[in-house]
Structure formats: structure tokens, C-alpha cells
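# Understanding the architecture of this molecule
In case you want the letters, here they are:
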Amino acid sequence: FPVENIRNFSIVAHVDHGKSTLADRLLELTGTIDKTKNNKQVLDKLQVERERGITVKAQTASLFHNCEGKQYLLNLIDTPGHVDFSYEVSRSLSACQGVLLVVDANEGIQAQTVANFFLAFEAQLSVIPVINKIDLKNADPERVENQIEKVFDIPSDECIKISAKLGTNVESVLQAVIERIPPPKVHRKNPLRALVFDSTFDQYRGVIANVALFDGVVSKGDKIVSAHTQKTYEVNEVGVLNPNEQPTHKLYAGQVGYLIAGMKNVTEAQIGDTLYLHKQPVEPLPGFKSAKPMVFAGMYPVDQSEYNNLKSAIEKLTLNDSSVTVHRDSSLALGAGWRLGFLGLLHMEVFNQRLELEYNASVILTTPTVPYKAVLSSSKLIKARRAVQKNMIFIDQNRVMLKYLFPLNEIVVDFYDSLKSLSSGYASFDYEDAGYQTAELVKMDILLNGNNVEELVTVVHKDKAHSIGKAICERLKDSLPRQLFEIAIQAAIGSKIIARETVKAYRKNVLAKCYGGDITRKMKLLKRQAEGKKKLRKIGNVEVPKDAFIKVLKTQ
Ligand code: GTP
């Protein structure tokens, strides 16, 4: 394929504005998939994506299109829309020269439209605005055109108005991709330089790396080297994604495809790595900024005997989602586990669900926390910060964009849901890290009859300590079985008690329901009680079943 007939592009949009539907239409129009079949979100391959109706992973598809007697190869990279997955978007863009910026003709510009535009703009890509859903009764494409001109400085006549659902005007989108997006700037005569921009793990074939070729050619049988590990591999298979893997003899510079080279260990395929031919070293490509986790949670196997299986499942899944950070952790209550970092709460839920659906793993996830930097000093008490307004821009008469500086802890849990319900679904939200700010934080201990419960220590904002401490004490009270003596559950900051609950004394008589003299049944019940005790942990003289920790620590 001549380079000038190749276009690498991506579709970006706010969530639900219709990227995946447009991708389906483009696949149909180019004959990549059959029109007669019921095509819905063909690129959303993961089960979790189909169940939730959202795109989580960027996917790639190569389309062939004839235009004025020439055949073009159009490499389409579909990307997720939710705020938590913008890392996937910026990665995909590094393999592209242009984007289709899809905007809903009714909703207009939203938070992620703005964020995605700037990602593309900073990467110096051509931006083609596509106004979708013009078939909707309330569609107002002219208003959206004006918004696009005002906010992004793109002339309104460059907007393409379509209905991805009905297929209206979708051909003009293909036409614009060919006319307005430049071919990749590559050199096929130079030695191979391939960027690994994504990778997945296949049980039988090992690591499958998605690559964008910036220079040279790669064929089956070539010896390649990873710039990151300096290890050498033999290429077993190369091919294009159509959208399923389709082996080819070679991949040329300018193409996007996949490569399998006997990488058996998931850590060998670093995303952002450069692959080159053995004995033909090249300057590695810039790679990617590593993602910054925003929400942390502890993850533990339900049963410790499952530790190794869960470990390997997490390793394989993080290969497919490198924005998750993993550190080993352990808790006296829950055993050996990990502390994982996610980009947001939805990201965390999706990761957990993928572990269950794709790896059949069942896990305990503990309440997420956000990172704090602590300066240990005797006072540590510096003025607290609340949300501070930074600026305000009117997008049009009906829409305003507000910028605030927020403590991360205030937005990670339920801020987005509250914002949506307060604004009846009209407001949208995006965030980026603004660095650490000083705050009045305190370390809160939980005590059982005066003894500290190590696994329940938390760092909280001073103003929230009372309500959080009270909630933990209440949850612990509900999940602790009564014992022969009274148990005082207390939340404390230093030596100051800020909340207290009491579990009254009681002896659990497991034989209470056994009337008469069925001795074998009595024995069974006593045995079961004894087995239950093995799973207990003693804090001072208080016995705490593992379940109680799980109930207190688990996310709702
Ligand atoms: P994410 O992958 O989650 O980011 O969403 P998306 O942007 O890919 O949106 P998707 O294609 O899943 O479409 C969202 C919803 O809008 C679906 O219910 C589509 O059927 C609907 N939709 C997409 N295009 C059109 C259109 O042109 N007209 C109408 N009426 N509905 C559309």
C-alpha cells in the first residue's frame, strides 16, 4: 500500500455521543462487516463493554475504501468516552494523524468534547467536527456549529452533519477523512521502528502487541529487539485488525496492526516501547506519559488459596490496561493482596468486573482512598482548602463552562452522580490533577476495648473525622458477634475519642434451637462453631471474624 493512500484516524467524543455507532456505519460502508447483520458496537469486544453499553478499551480496525479510482487503507481506532478512560484516548492518538470529533446535535459541546479536542490539538492532529444525531426531534445542529466555532475556532462550514443511527451522510465522513487528514509521515526504506501502543494477552499465543509502524517493514521470521528490555524475539505472526486479527505477510511503515513474537511474560510487552530489527538499532520513539492513578483500593482474594490465580489474572489484565498501578500489600484481616491505583471509580468497577467476567476471579475490594503527602510535624495543622473557582466561559446563551480547584477526595466518590442529579442530567464533568494542596488531615484509629485495630486505620479530613468515625463504628457494631463480655468500639484521633458504639455481652448458644437429645446434630453444630473460630482474629481479648473486616472495609 502506498503511504499516500493510508489514513490513521481516531473517533473521539463525549460519552454516548455516538462514536461506536459511527464506527459500525464506517465498517459497514467499507464492506469490512456485513450490512445485513445486526451490527451494534462491533468494536466493543469486551463482555463488560457490551453489558454496560460503554467503550472501555480502544480498538483498532483497518478499512479499505475506493475513492476516485484509488484504494485507500483507513486505520480506525475507536476510543472510550468516559473521563476515567482518557488515558486510552491519548495513547490511541499517538498512532493517528487526525480525529473525528463527534458532537451530539442535541446536547452540544460537553466536558469530554473539550478535553478530547485539546488532546488532539496538542498532538497537532487534523480535527474533523462531526455533528451526530441530526435525526433527533430536538436536534439543533446550527447551534452546535456555532458552539464549535466559538470554543474551538473551527469554521462552522467544516462541520459534517450526520445521523450515525440512520446512516445519513456518513459517506461525507469517509470523504473528509481522505481529503482532510494527511497520510502518516514515515520512511519505509529506513530500519524498522514500531511503537507498541496497546497489548493483550492470549492464553495460547502469548502477548499480542498492537503496533504502529513509523519506519521500515516487519515480516514473519524477522528477529526483533525491544528497546525497553533489550530482549530479542522472533516474529511468529504479523497482521491487520479487520476488526478481528487477520494475518498478513508483512506490515509496512504507516500501517497499524498486530505482532506476535513469543513474548510469554506479560511484563515483556511494555506499552510505549519501540521494537526494532536485530542489529539495526534505532532511536526509540517518545512513548507515553505514564498514567496517574487517582483512586486507590485494596484488593484481596476471597480465599487466600486463590492468591496465585488472582495474581496472574491481575498481571494479565494490567497488560491490557496499563493505567492500573499495582503494589503488593497485606492486611492482617484479609491476608496477602494488592493496593491498586485507578484513574477513577468507574475504572475501578470495570477492572473488577473484567476480573470476574474474563478471569472468573472473586475479590474483596476495600474502600478507595486518594493519595496524600504527609509532612510529619507536631502541629500539622494548616488552613484547609475548599473548592475555589478558577474561571468561567460562556459556550453560548445556555451553557457555561466553570473551572474549579477541588480537593480530589471530594470528587472521587459521589460528586459526579450528585452533579448529574442536581442538574437533571445536564451538567457534565471532567478533571485533571492540579497537584497537592495543604489540608488539615488527621490519622484516625479504631479501637476495640482500647486496642488499636491496625487494618482500620485511616487518614481523613479533620472536618469529616467525626462522621466517618461514627459510620465505621456503626458498621463494625453491626458485623461483630456478641461475646461473653461487653465490647467498646471507638474511633480516636490521638488520645481523643470521637465516636463510640457498644456491643453488649452475650454467649452465642448454638444449641438453643436443638430440642431433645439428637446428639449427632449437637456435635455438628459445636464443630461448626469451632471451625468458625479458626477464622477469627483476636484483637486484645475481642474475637473478630474475617467477615466483620470485609463488611467494614468493602466498597458498598
Ligand atoms: P461510549 O462508547 O460509551 O463512549 O459511547 P459512544 O459515544 O460510542 O456512543 P454509542 O455509539 O454507544 O451511542 C450512544 C447512544 O446513542 C446509543 O443508544 C445509540 O443508539 C445512540 N445514537 C448514536 N447515533 C445516533 C444517531 O445518529 N441518532 C440517534 N437518534 N441516536 C443515535
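Preceding this section is the structure that the text describes.
Summary of the structure given here. These numbers come from a predicted model, not from an experiment.

## Notes on the sheet that holds strand S19 (residues 335-342)
An order of S18-S19-S17-S20 is seen for the 4 strands of this open sheet, with the pairing classed as antiparallel. Unpaired on one side and paired on the other, strand S18 (325-331) and strand S20 (363-365) mark the two borders of the sheet. Each strand axis lies, on average, 30° off the axis of its neighbour in the sheet, ignoring direction. By the bridge criterion, 3 bridges tie strand S17 (residues 295-301) to S20 in an arrangement that is antiparallel. Residue pairing for S20: methionine 299 is matched across the bridge by leucine 365. Docked against the sheet, helix H7 (residues 307-320) engages S17, S18, S19 and S20, running at close to 15° with respect to S19.

## What about the sheet that holds strand S16 (residues 274-277)?
With antiparallel pairing, the 8 strands of this open sheet are ordered in space as S11-S10-S16-S7-S8-S15-S12-S13. Each having just a single partner strand, strand S11 (232-234) and strand S13 (245-248) make up the two edges of the open sheet. Direction aside, the axes of adjacent strands within the sheet are offset by 40° on average. Examined bridge by bridge, strand S7 (residues 193-202) and S16 share 2 bridges and lie antiparallel to one another. Of the residues in S16, the one forming a bridge with alanine 194 is leucine 275. The strands that H7 touches are S7 and strand S8 (206-215); relative to S7, the one it contacts most, it runs at about 145°.

## Describing the side chain of serine 163
Here serine 163 is to be found in the loop between strand S6 (160-161) and helix H6 (170-180). Not counting residues within four places of it along the chain, the set of residues in contact with serine 163 comprises Asn132, Lys133, Ile134, Asp135, Thr168 and Val170.

## What to know about the pairing of strand S23 (residues 441-448)
Successive residues of a regular strand alternate their side chains across the two faces of the sheet. Summarising burial for S23: 7 of the 8 residues are buried, a large majority. In the sheet, S23 pairs with strand S25 (residues 458-461) via 4 bridges, with the strands oriented antiparallel. The residue of S25 that forms the bridge with lysine 443 is valine 459. As judged from the 5 bridges shared by S23 and strand S26 (residues 487-493), these two strands associate in the antiparallel manner. Bridge pairing in S26 places methionine 444 opposite isoleucine 493. Bridge count between S23 and strand S24 (residues 451-452): 2 bridges; the pairing is antiparallel.

## Digging into the packing of aromatic side chains
As enumerated under the stated definition, the model contains 6 aromatic pairs in all. Taking 5.2 Å as the distance between ring centres and 80° as the angle between the ring planes, the aromatic pair formed by phenylalanine 117 and phenylalanine 118 counts as edge-to-face. Plain terms: the ring middles of phenylalanine 118 and phenylalanine 121 are 6.3 Å apart, the flat faces sit at 85° to each other, and that makes the pair edge-to-face. Taken as a pair, phenylalanine 118 and phenylalanine 121 lie in helix H4 (residues 111-122) at a separation of 3 residues, close to a single helical turn. For phenylalanine 121, a relative accessible area of 52% translates into the label exposed. Through a chain of ring-to-ring contacts, the aromatic side chains of Phe117, Phe118, Phe121 and Phe152 assemble into a single cluster.

## Details of the environment of alanine 139
Summarising the element assignment, alanine 139 is placed in the loop between strand S5 (126-132) and helix H5 (141-152). Residue alanine 139 is classed as partly exposed on the basis of its relative accessible area of 22%. With 35 residues separating them in the primary sequence, alanine 139 and aspartate 104 have C-alpha atoms 8.2 Å apart. The contacts of alanine 139, once residues within four sequence positions are left out, are Ala105, Asn106, Lys133 and Ile134.

## As for the pattern of salt bridges
Counted according to the given criterion, the structure contains 14 salt bridges. Between glutamate 474 and lysine 470 there is a salt bridge whose closest N-O contact spans 3.1 Å. With a gap of 4 residues between them, glutamate 474 and lysine 470 both fall in helix H11 (residues 465-479), about one helical turn apart. The residue glutamate 501 makes a salt bridge to lysine 477 at a minimum N-O spacing of 3.9 Å. Of this pair, glutamate 501 sits in strand S27 (residues 496-503) while lysine 477 sits in helix H11, and the two are 24 residues apart along the sequence. Judged by its relative accessible area of 35%, lysine 477 is partly exposed. Residues participating in the shared-partner salt-bridge network are Glu142, Glu145 and Lys161.

## Remarks on the environment of alanine 123
Secondary-structure assignment places alanine 123 in the loop between H4 and S5. Along the sequence, alanine 123 and glutamine 97 sit 26 residues apart, while their C-alpha atoms lie 8.6 Å from each other.

## A word on the nonpolar core
Leu448, Leu456, Leu476, Leu480, Ile489, Val544 and Phe549 are the most contacted members of the largest nonpolar core, which totals 29 residues. Elements that contribute at least two residues to this core include exactly S23, H11, S26, S27, strand S29 (542-545) and helix H13 (546-553). With 5 residues, H13 is the single largest residue contributor to this core. Among all residues touching leucine 456, those that are not within four sequence positions of it are Met444, Ile446, Leu476, Phe549, Val552 and Leu553. One finds Leu100, Val102, Val170 and Ile178 within the second-largest nonpolar core, a separate group that totals 27 residues.

## What to know about the packing of helix H1 (residues 19-29) against H6
In contact at an axis separation of 10 Å, H1 and H6 are set at 80° when each is read in the N-to-C sense. By the criterion of interaxial angle, the relationship of H1 to H6 is roughly perpendicular. Two secondary-structure elements touch here, H1 through Leu22, Arg25, Leu26 and Leu29 and H6 through Val170, Glu171, Val173 and Leu174. Along the lines of polarity and charge, the residues of the contact of H1 with H6 split into 6 nonpolar, no polar and 2 charged.

## Remarks on H5
When the terminal C-alpha atoms of H5 are compared, their 16 Å separation across 12 residues agrees well with the 16 Å that a helix rising 1.5 Å per residue should span. Listing the buried residues of H5 in full gives Pro141, Arg143, Val144, Glu145, Gln147, Ile148 and Phe152. Looking one or two places after H5, you find aspartate 153, whose phi comes out positive at around 65°.

## Looking at the pairing of strand S4 (residues 98-104)
Counting buried positions along S4 gives 7 out of 7 residues, so the element sits mostly inside the fold. What you see with S4 is no split at all: Gly98, Leu100, Val102 and Asp104 on one side and Val99, Leu101 and Val103 on the other are buried throughout. Direction of pairing for strand S1 (residues 6-13) relative to S4: parallel, over a ladder of 5 bridges. The residue bridging isoleucine 11 from the neighbouring strand is leucine 100, located in S4. Across 7 bridges, S4 lies against S5 in parallel orientation. When the sheet's bridge partners are listed, valine 99 is paired in S5 with valine 127.

Cut-offs and rules
- Residues numbered from 1 in each chain as written.
- Predicted model: local features only at pLDDT ≥ 70, side-chain atom pairs only at ≥ 80, totals over all residues.
- Heavy atoms only, no water.
- Pairing = 2+ DSSP bridges.
- Helix = DSSP H or I, 4+ residues; strand = E, 2+ residues; numbered from the N terminus.
- Axes fitted to C-alpha atoms, helices over the stretch in contact; angles between N-to-C directions.
- Contact = heavy atoms within 4.5 Å.
- Buried < 20%, exposed > 50% of the residue type's maximum accessible area, 1.4 Å probe, protein only.
- Phe/Tyr/Trp six-rings, centres within 6.5 Å; stacked < 30°, edge-to-face > 60°.
- Salt bridge = Lys/Arg side-chain N within 4 Å of Asp/Glu carboxyl O.
- Core = buried A, V, L, I, M, F, W, Y, C linked by side-chain atoms within 4.5 Å.
- Parallel < 35°, antiparallel > 145°, perpendicular 65-115°, else oblique.
- Nonpolar A, V, L, I, M, F, W, Y, C, P; charged D, E, K, R; others polar.
- Expected span 1.5 Å × (residues − 1).

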